[in-house]
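Residue-level structure breakdown
Spelled out from the first residue to the last, the chains are:
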Amino acid sequence: MNQLELLLRIAIGFIVLLSMARWAGRKEISQMTFFNLVSAIAFGSIAAALVVNSAVSIVNGVIALVGWAAFTVLTDQIHLKSKKARKLLVGNPVIVINKGEIMEGALRQTRLDADSLQARLREKNIFSLSDVDYAIFETDGKLSVLKKEGKQTVTKSDMKIAKTSSDFVPLSTELVSDGIVNVQNLAKMNKDQLWLNQQLQQAGIQSAEDVFYAEVQPDGKLYIDKREDLLH
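As a starting point, this report considers the structure included with it. (Residues numbered from 1 in each chain as written. Predicted model: local features only at pLDDT ≥ 70, side-chain atom pairs only at ≥ 80, totals over all residues. Heavy atoms only, no water.)

1. Observations concerning the sheet that holds strand S3 (residues 132-137)
- Within the open sheet, the four strands sit side by side as S2-S1-S3-S4. Their pairing is antiparallel. Every other strand in the sheet has two partners, leaving strand S2 (101-102) and strand S4 (143-147) as the edge strands with one partner each.
- As paired strands, strand S1 (residues 94-98) and S3 are joined by four bridges and run antiparallel to one another. Bridging across to S3, Ile 97 finds its partner in Ala 135.
- The strands touched by helix H6 (residues 114-122) are S1, S2, S3 and S4; relative to S4, the strand with the most contacts, the crossing angle is about 75°. (Pairing = 2+ DSSP bridges. Helix = DSSP H or I, 4+ residues; strand = E, 2+ residues; numbered from the N terminus. Contact = heavy atoms within 4.5 Å. Axes fitted to C-alpha atoms, helices over the stretch in contact; angles between N-to-C directions.)

2. Considering the environment of Ile 63
- Mapping Ile 63 onto the fold places it in helix H3 (residues 58-81).
- Taking the relative accessible area as the measure of exposure, Ile 63 reaches 53% and is therefore exposed.
- As a C-alpha pair, Ile 63 and Val 16 span 47 residues in sequence and 10.0 Å in three-dimensional space. (Buried < 20%, exposed > 50% of the residue type's maximum accessible area, 1.4 Å probe, protein only.)

3. A word on the packing of H3 against helix H4 (residues 83-90)
- It is the contact of H3 with H4, at a shortest axis distance of 6 Å, that shows an interaxial angle of 120°. When the interaxial angle is binned, H3 and H4 end up oblique. Contacts from Thr 75, Ile 78, His 79, Leu 80 and Lys 81 of H3 reach H4 at Lys 83, Ala 85, Arg 86, Leu 89 and Val 90.
- Here the residues of the contact of H3 with H4 are counted per class, giving five nonpolar, two polar and three charged. (Parallel < 35°, antiparallel > 145°, perpendicular 65-115°, else oblique. Nonpolar A, V, L, I, M, F, W, Y, C, P; charged D, E, K, R; others polar.)

4. Focus: H6
- Regarding H6, the residues found buried are Ala 114, Leu 117, Gln 118 and Leu 121. With its buried residues spanning 100° around the axis, H6 presents them on a single face.
- Regarding H6, its N-cap is Asp 113, as a side-chain oxygen of that residue lies 3.2 Å from the backbone nitrogen of Asp 115 further along. (Arc of directions from axis to C-beta. Polar contact = N/O pair within 3.5 Å; in protein donor to acceptor, adjacent residues only side chain to side chain.)

5. Structural notes on a nonpolar patch on the surface
- Nonpolar side chains collect at one region of the surface, where Leu 6, Leu 7 and Ile 10 lie side by side and expose about 260 Å² of accessible area between them.
- Secondary-structure assignment places Ile 10 in helix H1 (residues 3-24).
- Ile 10 sits in the partly exposed class, given a relative accessible area of 39%. (Patch = residues over 30% accessible without salt bridge, like charges linked within 9 Å, V, L, I, M, F, W, Y side chains within 5 Å. Areas by Shrake-Rupley, 256 points an atom, 1.4 Å probe, with all protein chains shown as cover. Salt bridge = Lys/Arg side-chain N within 4 Å of Asp/Glu carboxyl O.)

6. Focus on the sheet that holds strand S6 (residues 180-181)
- Strand order across the open sheet formed by four strands is S6-S5-S7-S8, with antiparallel pairing between neighbours. At either end of the open sheet lies a strand with only one pairing partner, and these are S6 and strand S8 (222-226).
- Across the sheet, helix H9 (residues 193-202) is in contact with strand S5 (173-177), S6, strand S7 (211-216) and S8; its angle to S5 comes to roughly 75°.

7. Focus on the side chain of Ser 130
- Relative to the helices and strands, Ser 130 is located in the loop between H6 and S3.
- The class of Ser 130 is buried, set by a relative accessible area of 5%.
- Side-chain polar atoms of Ser 130 contact the side chain of Ser 128, separated by 2.7 Å.

Next up, the structure:
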């Protein structure tokens, strides 16, 4: 492939890629589904092959780009017009917290664990699972959260008041995750596992293994979410 042909391929690839991208429609990256993302990557790969791979003829490269864009647009149209197709292509939103209770089966379905769920809640400025009434894992990977009534953002004045308690911690602190005790966090609070066992027994729980998630809140109260198999 000589330099003139390379320049021609670059120009054609750029023009066709730009045209097809405009035709296929515009979406912010945050709004893209997994299918949209994979399709965009494949689209770019085809354009790159057209530019640098001399084994791919210019005509075939253009046909591949136009064809891929056409299938993408067709899929988007089906997605818009058919609810069944949407369910097949992108799935449904999944409730991961229901009335303050963590839905373990839903977490497994969405491949989230307790730590990942906490991280996503912190992105919403929510630092305690006990503040959440409902949380829904959307099809685009975002987490929509509805706080419990009366749960407001903690202010500095609230923290000063809370500091009068000997059990005050600046943020909610994880003590148990998926049945495993966080010994380091207990030590930071000057507590031991005996204290934790006593707190669990007062809540009617015999062992930390029966707990999916537990944390100490800033006011010193213990939030506990039992394993699903113990609730039925």
